[in-house]
Amino acid sequence: MVALLIGLTIGLGLPLQTGINARLRRSVGSPFWASLASFTLGTVFLAVVTLIGDHTLLLPATLIRTQPAWIWLGGLFGVVYLTGNLLLFPKLGSVQTVIMPVLGQILMGLLVDNFGWFGSPVNRLTVTRSCGALLVLAGVLVTVALSSWLANRGQTVTPKDGRHLWLWRFAGILTGMLSASQTAVNGHLGLVLGSSLKAALISFLIGTILLAVIVLVMRTPLQLHQPVGERNPWWMWIGGSLGALYVLGNVVLVQLVGTGLAVVIVLVGLMGGSLLIDQFGWLQAPQHPVSLVQMLGLLIMIAGVAVIRLV
């Protein structure tokens, strides 16, 4: 029950962070500067929390010598996933930009559990677990794709250039697989360090450094301004803290239930949070009432999590 509460809570917080960072991007004028600001503030937040919880930021001197190099890749995977979504949206559209990474996340989560990759406990893929994962994916398809198709019936849609479309779809699946890999890597790092806080801090710090390098290489100017007719709200700066809590929650969750189940529980929370933002128009988002089809899709996802959890 504790694992379910943690997963659903951080999943609900992720679309809130996305909406907050989208508002920040409007004020700084660049998605990379918005991401860098979010990661930097998240790193500072985690550093303070780690000092309070663990009383030190120091790492064991033998860590680099005794542990595999991949334990440091969580931050890199997170940045690739974040940047990948920015690039996928104009190529695939909103529906496929959600579905392809979700497919990759579920697939990689099950593979990590089945083969024990990244130091994870082995949890063999059974028919029941496979059916549960398929239910979760079906719920995502109903919530995102079917509801979108029903809403746009009768409208003329210009077909996209399909020459490289499958390459972008594969890239979407790959970014989702990296996201699930980040969850597994950070979970193992938390075990090695004996501290979920330090594992999340390291992941965020590495992500911050990588984003700083990207901004320097691209020479993107920073322009903080107010959109016409609006004031910059104070909450546009708290996205990093929500992202930090998301990474920290994943570290704890993997240690409780494994990577595969952690991924699907968070996905349910993510979809639920997205529907709440649409329903109530939170964070200055356009208000779109939730449909019965979307509610049905969410219930199918919950059923899928129940099937996997009961294995």
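As the structure is a computational prediction, the values presented were derived from the model and not from experiment. (Residues numbered from 1 in each chain as written. Predicted model: local features only at pLDDT ≥ 70, side-chain atom pairs only at ≥ 80, totals over all residues. Heavy atoms only, no water.)

Quick notes on the overall build of the protein chain
Each helix and strand in the protein chain was counted, giving 10 helices and 0 strands. Listing every helix and strand of the protein chain by position from the N terminus yields α-α-α-α-α-α-α-α-α-α. The C-alpha radius of gyration of the protein chain comes to 19 Å, within 12% of the 19 Å expected for a compact globule of 311 residues. Counting only residues that meet the buried cut, the protein chain has 48% of its 311 residues in that class. Restricting to contacts in the protein chain with at least 6 residues of sequence separation, those with at least 24 account for 81%. When the accessible area of the protein chain is evaluated, it comes to approximately 15,600 Å², of which 71% is carbon and sulfur surface. Of the charged side chains in the protein chain, 15 are positive and 5 negative; the average position of the first set lies 5 Å away from that of the second. (Helix = DSSP H or I, 4+ residues; strand = E, 2+ residues; numbered from the N terminus. Rg over C-alpha atoms; globule rule 2.2 N^0.38 Å. Buried < 20%, exposed > 50% of the residue type's maximum accessible area, 1.4 Å probe, protein only. Contact = heavy atoms within 4.5 Å. Areas by Shrake-Rupley, 256 points an atom, 1.4 Å probe, with all protein chains shown as cover. Lys, Arg positive; Asp, Glu negative; His and termini not counted. Charge placed at Lys NZ, Arg CZ, Asp CG, Glu CD.)

Some points on the nonpolar core
Counting residues in hydrophobic clusters, the biggest one holds 54 residues, and the most contacted among them are Ile106, Val140, Leu261, Val264, Met301 and Val305. Residue contributions to this core peak at 11 residues, all from helix 9 (residues 259-280). Those residues in contact with Leu261 that lie beyond four places of it in its chain are Asp113, Val305, Ile308 and Arg309. (Core = buried A, V, L, I, M, F, W, Y, C linked by side-chain atoms within 4.5 Å.)

Notes on unusual backbone geometry
Despite not being glycine, His55 shows a phi value in the positive range, around 65°. Mapping His55 onto the fold places it in the loop between helix 2 (31-54) and helix 3 (63-66). For Phe118, which is not glycine, the phi dihedral falls at a positive 55°.

Some details on a nonpolar patch on the surface
Judged by side-chain polarity, Leu205, Ile209, Val213, Val217 and Met218 come together as a nonpolar surface patch covering roughly 470 Å² of accessible area. Within the secondary structure, Leu205 sits in helix 7 (residues 196-218). Judged by relative accessible area, which is 42%, Leu205 ranks as partly exposed. (Patch = residues over 30% accessible without salt bridge, like charges linked within 9 Å, V, L, I, M, F, W, Y side chains within 5 Å. Salt bridge = Lys/Arg side-chain N within 4 Å of Asp/Glu carboxyl O.)

Digging into the confidence of the model for the protein chain
When pLDDT is averaged along the protein chain, the result is 85, and 93% of the positions lie at 70 or above. When the elements of the protein chain are averaged for pLDDT, helix 1 (residues 2-28) gives the smallest value, 82, and helix 7 the largest, 93. (pLDDT = per-residue confidence, 0-100.)

What about the packing of helix 2 against helix 7?
Packing of helix 2 against helix 7 brings their axes to within 8 Å, and their N-to-C directions diverge by 155°. By the angle between their axes, helix 2 is roughly antiparallel relative to helix 7. Viewed along their axes, helix 2 and helix 7 form a crossing whose handedness is left-handed. Looking at side-chain class alone, the contact of helix 2 with helix 7 contains 17 nonpolar, 9 polar and 2 charged residues. (Axes fitted to C-alpha atoms, helices over the stretch in contact; angles between N-to-C directions. Parallel < 35°, antiparallel > 145°, perpendicular 65-115°, else oblique. Left-handed = near helix turned anticlockwise from the far one by under 90°. Nonpolar A, V, L, I, M, F, W, Y, C, P; charged D, E, K, R; others polar.)

Side note on the pattern of salt bridges
Following the criterion strictly, the structure yields 1 salt bridge and no others. Arg129 is the salt-bridge partner of Asp113, the closest N and O atoms lying 3.1 Å from each other. With Asp113 in helix 4 (residues 74-115) and Arg129 in helix 5 (residues 127-151), this residue pair connects regions lying 16 residues apart in the sequence. For the pair formed by Asp113 and Arg129, the shared burial category is buried.

Let's talk about the environment of Leu24
Here Leu24 is to be found in helix 1. On the basis of relative accessibility, which here comes to 2%, the residue Leu24 falls in the buried class. A C-alpha to C-alpha distance of 9.3 Å links Leu24 and Leu224, two positions 200 residues apart in sequence. Beyond its immediate chain neighbours, meaning those up to four positions away, Leu24 contacts Ala34, Ala37, Met236 and Trp237.

Describing the packing of aromatic side chains
Geometrically, a pair of aromatic rings is defined through the distance of the ring centres and the angle of the planes. For the structure shown, the criterion picks out 3 aromatic pairs. With centroids separated by 4.8 Å and ring planes inclined at 25°, the aromatic side chains of Phe39 and Phe204 adopt a geometry described as stacked. Placement of Phe39 in helix 2 and of Phe204 in helix 7 is noted, with a sequence separation of 165 residues between them. Residues Phe39 and Phe204 agree in their burial class; the two are buried. Their ring planes at 15° and their centres at 5.4 Å tell us that Phe115 and Trp117 sit as a pair that is stacked. (Phe/Tyr/Trp six-rings, centres within 6.5 Å; stacked < 30°, edge-to-face > 60°.)

Digging into the packing of helix 6 (residues 165-193) against helix 7
A packed helix pair is summarised by two numbers, namely the angle formed by the two axes and the spacing between the axes. At a minimum axis distance of 8 Å, the contact between helix 6 and helix 7 shows a crossing angle of 130°. Considering their axes alone, helix 6 and helix 7 lie oblique with respect to each other. The element helix 6 and its partner helix 7 pack so that their crossing is right-handed. Across the interface between the two elements, Gln182, Asn186, Leu189, Gly190 and Leu193 of helix 6 pack against Lys198, Ala199, Ile202 and Ser203 of helix 7. By residue class, the composition of the contact of helix 6 with helix 7 is 4 nonpolar, 4 polar and 1 charged.

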